[in-house]
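Chain by chain, the residues:
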Amino acid sequence: MFETLITRKLNITYPIFQAPMAGGPTTPELVAAVSNAGGLGNLGAGYLTPEQLRITINKIRGLTDRPFGVNLFVFEQPEESEETIAKMSDYLNSYRNELGIPHNPSLPKYSESFEDQIQVVLEERVPVFSFTFGLPSHNVIQSLKHRGTFVIGTATTVDEAIQLELSGIDAIVAQGSEAGGHRGTFLKNASDSLIGLIALVPQIVDHVSIPVIASGGIMDGRGLVASLALGATAVQMGTAFLACTESGAYPTYKQKILSANEDATVITCAYSGKSARGISTEFIRDMQLYPGNIPPYPIQHIMTRDIRQAAAIAKDPEFMSLWAGQGLRLANNQSAATIINETIDQARKLVIKSF
Ligand SMILES: Cc1cc2nc3c(=O)[nH]c(=O)nc-3n(C[C@H](O)[C@H](O)[C@H](O)COP(=O)(O)O)c2cc1C
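What you are looking at is a predicted structure, and each value in this text was computed from that prediction instead of being measured. (Residues numbered from 1 in each chain as written. Predicted model: local features only at pLDDT ≥ 70, side-chain atom pairs only at ≥ 80, totals over all residues. Heavy atoms only, no water.)

This brings us to the site of the ligand. In the region of the ligand, 21 residues are neighbours, and P20, N71, G217, G238 and T239 sit closest. One nitrogen or oxygen atom from the side chain of Q236 is found 3.1 Å from an oxygen atom belonging to the ligand. T239 is positioned such that a nitrogen or oxygen atom in its side chain is 2.5 Å from an oxygen atom of the ligand. For the shell around the ligand, the elements supplying multiple residues, two or more each, are β3 (68-73) and β9 (234-237). Here the shell around the ligand is composed, by residue class, of nine nonpolar, twelve polar and no charged. (Near = heavy atom within 4 Å. Polar contact = N/O pair within 3.5 Å; in protein donor to acceptor, adjacent residues only side chain to side chain. Helix = DSSP H or I, 4+ residues; strand = E, 2+ residues; numbered from the N terminus. Nonpolar A, V, L, I, M, F, W, Y, C, P; charged D, E, K, R; others polar.)

With that settled, consider helix α4 (residues 82-99). With 18 residues, α4 extends 25 Å from end C-alpha to end C-alpha; this agrees with the ideal 26 Å at 1.5 Å per step. Count one or two residues on from α4 and you reach G100, which has phi positive near 70°. (Expected span 1.5 Å × (residues − 1).)

Pairing between sheet strands relies on hydrogen bonds along the backbone, with the strands arranged either parallel or antiparallel. An order of β7-β11-β10 is seen for the three strands of this open sheet, with the pairing classed as antiparallel. Each edge of the open sheet carries a strand with a single partner, namely β7 (181-182) and β10 (265-268). In this sheet, strand β11 (residues 276-279) lies alongside β10 in antiparallel orientation, the contact comprising four bridges. Each residue of the ladder has a partner; that of T268, found in β11, is A276. (Pairing = 2+ DSSP bridges.)

Across all of its chains, the model carries twelve aromatic pairs by this definition. Clustering of aromatic rings is evident, with ring pairs tying together Y91, Y95, Y271, F283, Y290, F319 and W323. Above the face of the F133 ring, K274 is positioned so that its terminal group lies 4.4 Å from the ring centre. (Phe/Tyr/Trp six-rings, centres within 6.5 Å; stacked < 30°, edge-to-face > 60°. Lys NZ or Arg CZ within 6 Å of the ring centre and 35° of its normal.)

Another aspect to go through is helix α6 (residues 138-146). Along α6, the residues that are buried comprise V140, I141 and L144. All buried residues of α6 lie within an arc of 100° about the axis, which places them on one face of the element. Those residues of α6 that are exposed and aimed more than 90 degrees away from the buried face are H138, N139 and H146. Two residues or fewer past α6, G148 is found with a positive phi of approximately 90°. (Buried < 20%, exposed > 50% of the residue type's maximum accessible area, 1.4 Å probe, protein only. Arc of directions from axis to C-beta.)

For the rest of this paragraph, the subject is the nonpolar core. Ranked by internal contacts, the top residues of the largest apolar core, which has 97 residues, are L53, V70, V121, F129, I204, F241 and I257. Setting aside residues up to four positions removed in sequence, I257 forms contacts with L242, A243, I279, W323, A324, L328 and A331. One finds L40, A171, I213 and A234 within the second-largest nonpolar core, a separate group that totals twelve residues. (Core = buried A, V, L, I, M, F, W, Y, C linked by side-chain atoms within 4.5 Å. Contact = heavy atoms within 4.5 Å.)

Following this line, the structure appears as structure tokens:
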């Protein structure tokens, strides 16, 4: 009943993607469980070293023979003055005091190299590759396609979707403003690109000819049916899977997801230097008073890493990044397969009942 252009192209049973979620939630077990249940599991690999990426892809392959995706971040390395970085590092020491960790830790390299990461994706010939924050080079896109990889980019506006289609990719994730995690915006400021999903999907669908995948606030069969009605050929659900059995999110994070409401999230640059939606914390509220510039992504992300990790170990959610979308109240802690099956059952009943 829910066969679409995307299910046929990817050879999957249901038009449900589990969103790639870098930073721990998308374990090989989660990715494989979703793919085994008929959806498309996606590994959020943005923070993995090339070696970790290869090992994780092999783990996924050991757990499923179904298609799955790998997702990376595409962005320019930013410049920032020593002074701005030193000022932020000093400011962050007050949180380090609270958590009892060393002041001004030395900063490792800012991020993994996309060139090295994509080399692994190419060599491993993954079935699906998706990206966010920008646009890879023509060469990268063509090399992926030559190896038979299905390529998906992220758009938050119609203009971004048009640019993505021109780059020759195969499909577009339309990320509504409800979405949890980082904004994929790459043409304008993130704050000027906050379009709700119900407005975004049909406008993108009208302006591109490649398949569109709806993402942001979709938690169940109602969101799936609504998205298909808007012209999407699949949905990508993140928050819906964050607290599930196979998710690698910290237990403290899962508890917050399961107890928070639809009004609990805000969009902030405080943790990473890039706009992202997450549950409001003391850290976010306090950083609003920061009297300087927050260094751009990924510098701020690296600078707050010790604080976020120490907070996770101390089970203190107020200093952790708790990325989540606005559909929070509908999250549950069932298995990934149960979430997929219940989503499809509910969607089926809705369609049979008709409008
Ligand atoms: C914890 C978390 C991490 C995320 N990490 C990524 C990522 O690495 N790559 C990506 O393309 N999108 C990422 N996203 C965004 C998702 O792809 C998707 O747009 C979002 O989850 C949809 O909104 P929802 O959470 O309301 O379902 C992340 C989202 C969350 C909640």
